[in-house]
Structures are given as structure tokens and as C-alpha cells.
Amino acid sequence: LPVLEAHLALRQRHSSSNILAAQSNLASCLADLWRYDEALVLKREIYDKRVAMHGLAHEHTLLASLSMIIQHVQAGNFSTAKALLHEHLPLSVRTLGADHCVTLK
């Protein structure tokens, strides 16, 4: 975890895509350590930044929303995860298609 935090600090000096990748790695590490609430904060930040960068109907944004939904499940926020899934799944089907790997996850 300290290595990933240092990596994120270093990446913050560079491009936003690198920052998002480092934040995603840090969030995954936090989730692996059962620190779901902290991971969820990062996942939400990543999603919000993807929306600002690409809009809602973009593969990277939809993947970030899926990641955030999974994080809600891990944190035990099942009703929130279900509500987000009902919101984002139709958009994923329209944007990427029913057979796309992001939609199928």
C-alpha cells in the first residue's frame, strides 16, 4: 500500500490518465485489504473524473461505473449497487452492445 500511495503521488505530476490508473490500483489494493469504504471513495472519484473527461456514454466511464458498483457490493451496499446497476446497464447496452465484455460483467 505505501508503494502504491507513493506511485500515485508521483503520477499526479503527470497526465490525468496515469493518475486514474494509479488511483485504480490503489483502490484495488485497499479493497484487497478489506478497506472497502476507502476504496469506494477512490472509485467514485475515478468515475466522476471519467464522466468529466469522456461523458457518460464512453467505454472507460462505463467500466469505471461497473468498478464502482462492484465496490458497493463488496462494501455491503447492496441497494446502492442495485440502483446504480439499473441506471448504468441500459446505457452500457445502448453504447457498447449487449455482447460487449463490460456489459456482460
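About the criteria used
Residues numbered from 1 in each chain as written. Predicted model: local features only at pLDDT ≥ 70, side-chain atom pairs only at ≥ 80, totals over all residues. Heavy atoms only, no water. Axes fitted to C-alpha atoms, helices over the stretch in contact; angles between N-to-C directions. Helix = DSSP H or I, 4+ residues; strand = E, 2+ residues; numbered from the N terminus. Parallel < 35°, antiparallel > 145°, perpendicular 65-115°, else oblique. Left-handed = near helix turned anticlockwise from the far one by under 90°. Contact = heavy atoms within 4.5 Å. Nonpolar A, V, L, I, M, F, W, Y, C, P; charged D, E, K, R; others polar. Patch = residues over 30% accessible without salt bridge, like charges linked within 9 Å, V, L, I, M, F, W, Y side chains within 5 Å. Areas by Shrake-Rupley, 256 points an atom, 1.4 Å probe, with all protein chains shown as cover. Salt bridge = Lys/Arg side-chain N within 4 Å of Asp/Glu carboxyl O. Buried < 20%, exposed > 50% of the residue type's maximum accessible area, 1.4 Å probe, protein only. Core = buried A, V, L, I, M, F, W, Y, C linked by side-chain atoms within 4.5 Å.

*Asks:* Give me the packing of helix H4 (residues 59-74) against helix H5 (residues 78-96): which residues, what numbers.
*Replies:* Where H4 contacts H5, the two axes come as close as 9 Å, and the packing angle between them is 160°. As judged from the angle between their axes, H4 and H5 are roughly antiparallel. Crossing hand, H4 versus H5: left-handed. Across the interface between the two elements, Glu59, Leu62, Ser65, Met68, Ile69, His72 and Val73 from H4 touch Phe78, Thr80, Ala81, Leu84, Leu85, His88, Leu91, Ser92, Thr95 and Leu96 from H5. Looking at the contact of H4 with H5, its residues break down into ten nonpolar, six polar and one charged.

*Asks:* Please provide a residue-by-residue account of a nonpolar patch on the surface, values included.
*Replies:* A contiguous nonpolar surface patch, about 210 Å² in accessible area, is contributed by Leu85, Leu89 and Val93. Within the element layout of this structure, Leu89 appears in helix H5. According to the relative accessible area criterion, Leu89 is partly exposed, its value standing at 36%.

*Asks:* Outline the nonpolar core, supporting the account with residue identities and numerical values.
*Replies:* Core analysis: the largest hydrophobic core is formed by nine residues, namely Leu20, Leu40, Ile46, Tyr47, Ala64, Met68, Ile69, Ala81 and Leu84. Taken together, the elements giving at least two residues each to this core come down to helix H3 (36-54), H4 and H5. Every residue in contact with Ala64, bar those within four places of it in the chain, is listed here: Ile46, Tyr47 and Arg50. Judged by nonpolar contacts, the second largest core, of six residues, contains Leu26, Ala31, Ala39 and Leu42.

Purely geometric numbers; function is a separate question.
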